[in-house]
Amino acid sequence: MKKKKAVLMVPQAVDIDLTEEVINIPDMEGIDYSEEKAGFDPSETFSIRDYKEGDRMKSIHWKLSYKLDRIMVRDPGLPIKNSTQILMETCFDAGDEERKQMADAVCAFTISLSELLVDAGTKHQLGWMDYKENVFRNYEINSADNLIEILGELLGTTAVSGRHSVNDKFYEETGCQEIPGLVIINHDRI
């Protein structure tokens, strides 16, 4: 019995030139904070601990210090890069050959953007409508390994015409109305 082998053909990377300011746009609505170390944002408390020599006066938690009858210090939170949602369009109003070319270009751009965000240390979600299975797919990407794990599914997605756009499906599935870090990739925006 012969074993079947699969080969995954990844599209050629697209050169994307984004400035660091664009990659690291802060999302003030949903900032995540490190659970592992203190930072510099006084609006979020990382931990409260006993005072030690060298701590700044402005970090003293006065109410708690009074209550516990010893000096307590508030360590500020460390904001970490926020999640960005990438939506890849799989619905194009075009003939079969043109639709395939559009889908290939959108897919190549999506993969390149995701790689760029991974390289910058920016976690993100990558979503698209899988019309073959009629489900919305959405995956969290924290590393190159996460992206590699979904490449087969992503590249195997069939482009269709005359259906709802990916952002309509995203809103329908998640109920989210506004996401500051939402990026929709379609053939018009490449």
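Our subject is the structure that appears above.
All of these numbers come straight from a predicted model, not from anything done at the bench.

Chemist: Looking at this structure, how should I read helix α3 (residues 96-119)?
Modeler: Because the α-helix completes a turn every 3.6 residues, residues three or four places apart line up on one side. Helix length check: α3 (24 residues) gives 34 Å between terminal C-alpha atoms against 34 Å at 1.5 Å per residue, within 8%. Backbone geometry just downstream of α3 places Gly 121 in the positive-phi region, at approximately 80°.

Chemist: Is there a simple way to think about helix α4 (residues 144-155) in this case?
Modeler: Taking 1.5 Å of rise per residue, 12 residues should cover 16 Å, and α4 covers 16 Å from first to last C-alpha, within 8% of that figure. Of all the positions in α4, only Asn 146, Leu 147, Ile 150, Leu 151 and Leu 154 are classed as buried. The buried residues of α4 all sit within an arc of 150° when viewed along its axis, so they share a single face. α4 presents Asp 145, Ile 148 and Glu 149 as exposed residues on the side facing more than 90 degrees away from its buried surface. The inward-facing, buried residues of α4 abut β5 (84-88), α3, β6 (124-130) and β7 (135-141).

Chemist: What exactly am I supposed to notice about the environment of Ile 148 here?
Modeler: Relative to the elements of secondary structure, Ile 148 occurs in helix α4. Sequence separation between Ile 148 and Glu 115 is 33 residues; the distance between their C-alpha atoms is 9.9 Å.

Chemist: Just to check I follow, could you spell out the packing of α3 against α4 for this structure?
Modeler: For any two helices packed against each other, the geometry is given by the interaxial angle and the distance between the axes. At a closest axis distance of 11 Å, the pairing of α3 and α4 adopts a crossing angle of 170°. Considering the angle they form, α3 stands roughly antiparallel to α4. Taking contact as the criterion, the partners of Cys 107, Ile 111, Ser 114, Glu 115 and Val 118 in α3 are, on α4, Ala 144, Leu 147, Leu 151, Leu 154 and Leu 155. Looking at the contact of α3 with α4, its residues break down into eight nonpolar, one polar and one charged.

Chemist: Explanation requested: the pattern of salt bridges in the structure shown.
Modeler: Here the structure, examined in full by the defined rule, presents six salt bridges. Via salt bridges that share partners, Arg 49, Asp 55 and Asp 75 belong to a single interconnected network.

Chemist: Can you help me understand unusual backbone geometry in this one?
Modeler: One can expect most non-glycine residues to show negative phi and most peptide bonds to be in trans. Its identity is not glycine, yet Asp 69 carries a phi of approximately 60°, on the positive side. Looking at the element boundaries, Asp 69 is found in the loop between α2 (62-68) and β3 (72-77).

Chemist: Is there a simple way to explain the packing of aromatic side chains in this structure?
Modeler: For any pair of aromatic rings, the description consists of the separation of the ring centres together with the inter-plane angle of the planes. The final tally for this structure, using the stated rule, is two aromatic pairs. Ring geometry for Trp 128 versus Tyr 139: centroids 5.7 Å apart, planes at 35°, classification tilted. On the criterion of sequence distance, the pair formed by Trp 128 in strand β6 and Tyr 139 in strand β7 is long-range, its members being 11 residues apart. With relative accessibility at 24%, the residue Tyr 139 sits in the partly exposed group. For the ring pair Phe 136 and Phe 170, a centre distance of 5.8 Å and an interplane angle of 55° mean the geometry is tilted. Note that Phe 136 is positioned in strand β7 and Phe 170 in helix α5 (residues 166-174), a separation of 34 residues in sequence. With respect to burial, Phe 136 and Phe 170 carry one shared label: buried.

About the criteria used
- Residues numbered from 1 in each chain as written.
- Predicted model: local features only at pLDDT ≥ 70, side-chain atom pairs only at ≥ 80, totals over all residues.
- Heavy atoms only, no water.
- Helix = DSSP H or I, 4+ residues; strand = E, 2+ residues; numbered from the N terminus.
- Expected span 1.5 Å × (residues − 1).
- Buried < 20%, exposed > 50% of the residue type's maximum accessible area, 1.4 Å probe, protein only.
- Arc of directions from axis to C-beta.
- Contact = heavy atoms within 4.5 Å.
- Axes fitted to C-alpha atoms, helices over the stretch in contact; angles between N-to-C directions.
- Parallel < 35°, antiparallel > 145°, perpendicular 65-115°, else oblique.
- Nonpolar A, V, L, I, M, F, W, Y, C, P; charged D, E, K, R; others polar.
- Salt bridge = Lys/Arg side-chain N within 4 Å of Asp/Glu carboxyl O.
- Phe/Tyr/Trp six-rings, centres within 6.5 Å; stacked < 30°, edge-to-face > 60°.

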